[in-house]
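# Structural features, examined
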Amino acid sequence: MTPKRKQKLWLLGLMLVGISLAVGLTLNALSANINLFYAPTQIAAGDAPKDRQIRAGGMVVEGSVKRDPDSLLVRFAVTDHNEDIWITYDKILPDLFREGQGVVAVGHLNDQNELVASQVLARHDENYMPPEVAEALKAAGKMPDHSPFAKKNSSDDY
Amino acid sequence: MWKWLKTLYHRLGSPKWFYQITGSWLPWFAGAAVVFLGVGLVWGLAFAPADYQQGNSFRIIYIHVPAAFLAQSVYIMMAVAGVVLLVWKMKMADVVAQSLAPFGATMTFLALLTGAIWGVPTWGTWWMWDARLTSMLILFFLYLGVIALREALQPQEVAAKACALLAIVGVINIPIIKYSVDWWYTLHQPATFTLTEKPAMPASMWVPLLIMLLGFYALLGWSVILRARAEVLKREYKAGWVKELLQRK
């Protein structure tokens, strides 16, 4: 490689490093805004603003879903295996909504620190399988964790 | 092997050789694309088992994942071609970069479109400004920027350098797309396939997906060679061998 080419390659490399650094620092500074939702732990700690619309995400707690017999109103808890937060919602839930499934809810926090949702989205996980396999795994108690936090605290035992 | 590759690389650097060598590759890429895409589509859409939660709507993965994969790898190829142009001044690298851009843009659009169609029944929304979706949209705009920049600048050499630089700078977006689902809380699920772990999917589901991916790559090869050959003729129209070629036909 001629010295001139080497120099050009170095310049390009330095440019990439510089820009990556700038972008990395910017994204790091903005991470609070880039995160799509607040985890229940953050809401319990009071990190989520009360005066404006927020999104809360987590796994629907097994056995927590209570439906009002006379309306569409439904109340359920989501968890990150650390804290729970209660969510109320009065519209039609997505097909994929079920206990043990990850969801993201858009809404306001009320005075009891419960989220009054205006929209509930189901969050799919990375596991795919045919129904028979799912049945077999469930019977063996080896179903994968559907929590959006499964990867983040994979060292925890739960 | 290494020596053979090096000779091939240098030969492909000459427009005349490029045109002559790649002519015989075209039917192979086209044939592979037809076979792989045909087998993959029929297998994936008709014979692969339905997902236990999403049912049949998961089958859009057979288009969505290869399209998203190609969208990113085509961009990396474009950036590598940019480095080759800027450092080694190989003009054919620019021809290849120019031929890659429309295919990459199409793949990005396809990934966004199929994701939106899948999002409606699965998530309950077709769009969400989460990190994965937004960074993918930025990739789409980067492709459009590279294509537009080439049309906006004159002469060709200046446009080529500007496009190469934009492609190289934009490559920073690729790791952001890849790791967005790990770095931040997103609506989009984390990757089903990683190099280090077993896929979170049985073989009856991922084998047709792999075939589709090969089919997309074959389609890429066919499309890029076809475009690059046309561009070579356009750029070298004054050269003796092009005139000879055109007179012969």
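Basis of the calculations
Residues numbered from 1 in each chain as written. Chains lettered and ligands numbered in written order. Predicted model: local features only at pLDDT ≥ 70, side-chain atom pairs only at ≥ 80, totals over all residues. Heavy atoms only, no water. Helix = DSSP H or I, 4+ residues; strand = E, 2+ residues; numbered from the N terminus. Rg over C-alpha atoms; globule rule 2.2 N^0.38 Å. Buried < 20%, exposed > 50% of the residue type's maximum accessible area, 1.4 Å probe, protein only. Contact = heavy atoms within 4.5 Å. Lys, Arg positive; Asp, Glu negative; His and termini not counted. Charge placed at Lys NZ, Arg CZ, Asp CG, Glu CD. 1 Å grid on protein atoms, 1.4 Å probe; cavity = no way out; pocket = protein on both sides within 12 Å on 5 of 7 lines; lining within 4 Å. Points joined across faces, edges and corners; volume = space filled by probe spheres on them. Nonpolar A, V, L, I, M, F, W, Y, C, P; charged D, E, K, R; others polar. UniProt positions renumbered as here; feature names shortened; annotations may be inferred. Core = buried A, V, L, I, M, F, W, Y, C linked by side-chain atoms within 4.5 Å.

## Looking at the overall build of chain A
When helices and strands are tallied, chain A shows four helices and six strands. Taking 158 residues into account, the globule formula puts the C-alpha radius of gyration at 15 Å, and chain A, at 22 Å, lies well above it. Expressed as a percentage of its 158 residues, the buried residues of chain A come to 38%. The long-range fraction of contacts in chain A, counting pairs at least 24 apart against all pairs at least 6 apart in sequence, stands at 50%. Looking at charge distribution, chain A has the averaged site of its 17 positive side-chain charges lying 16 Å from that of its 20 negative ones.

## Describing the layout of surface pockets
All names here are of chain B. A volume near 1,200 Å³ is recorded for the largest pocket. Every residue lining the largest pocket is counted, 40 residues in all, and those nearest its centre are Val65, Phe69, Gln72, Ala191 and Phe193. Elements represented by at least two residues in the lining of the largest pocket include exactly helix H4 (61–88), helix H5 (91–122), helix H6 (131–152), helix H8 (173–183) and helix H9 (203–235). Looking at side-chain class alone, the lining of the largest pocket contains 29 nonpolar, eight polar and three charged residues. Estimated volume of the second largest pocket: approximately 830 Å³. Along the walls of the second largest pocket sit 27 residues, with Tyr9, Leu12, Phe18, Trp25 and Val96 positioned nearest its centre. Elements that contribute at least two residues to the lining of the second largest pocket include exactly helix H1 (2–12), helix H2 (15–23), H4, H5 and H9. The element best represented in the lining of the second largest pocket is H1, accounting for seven residues. The residue makeup of the lining of the second largest pocket, split by class, is 22 nonpolar, four polar and one charged.

## Re the UniProt feature "domain: Cytochrome c assembly protein" (unreviewed entry) in chain B
When the UniProt feature table is mapped to this numbering, "domain: Cytochrome c assembly protein" (unreviewed entry) covers residues 18–188 of chain B. Here residues 18–188 of chain B is 80% helix and 0% strand, with 42 Å between the C-alpha atoms at its ends.

## Things to note about the nonpolar core
Within the largest apolar cluster, 78 residues are counted, with the highest numbers of intra-cluster contacts made by B:Tyr62, B:Leu70, B:Tyr75, B:Met78, B:Met136 and B:Leu139. When residues in this core are grouped by element, the largest group, 15 residues, is from H4(B). Leave out the neighbours within four places in its chain, and B:Met78 touches B:Ala97, B:Leu100, B:Ala101, B:Tyr143, B:Val146 and B:Ala167. Of all hydrophobic cores here, the second largest spans 21 residues; its members include A:Val78, A:Ile87, A:Leu115 and A:Ala117.

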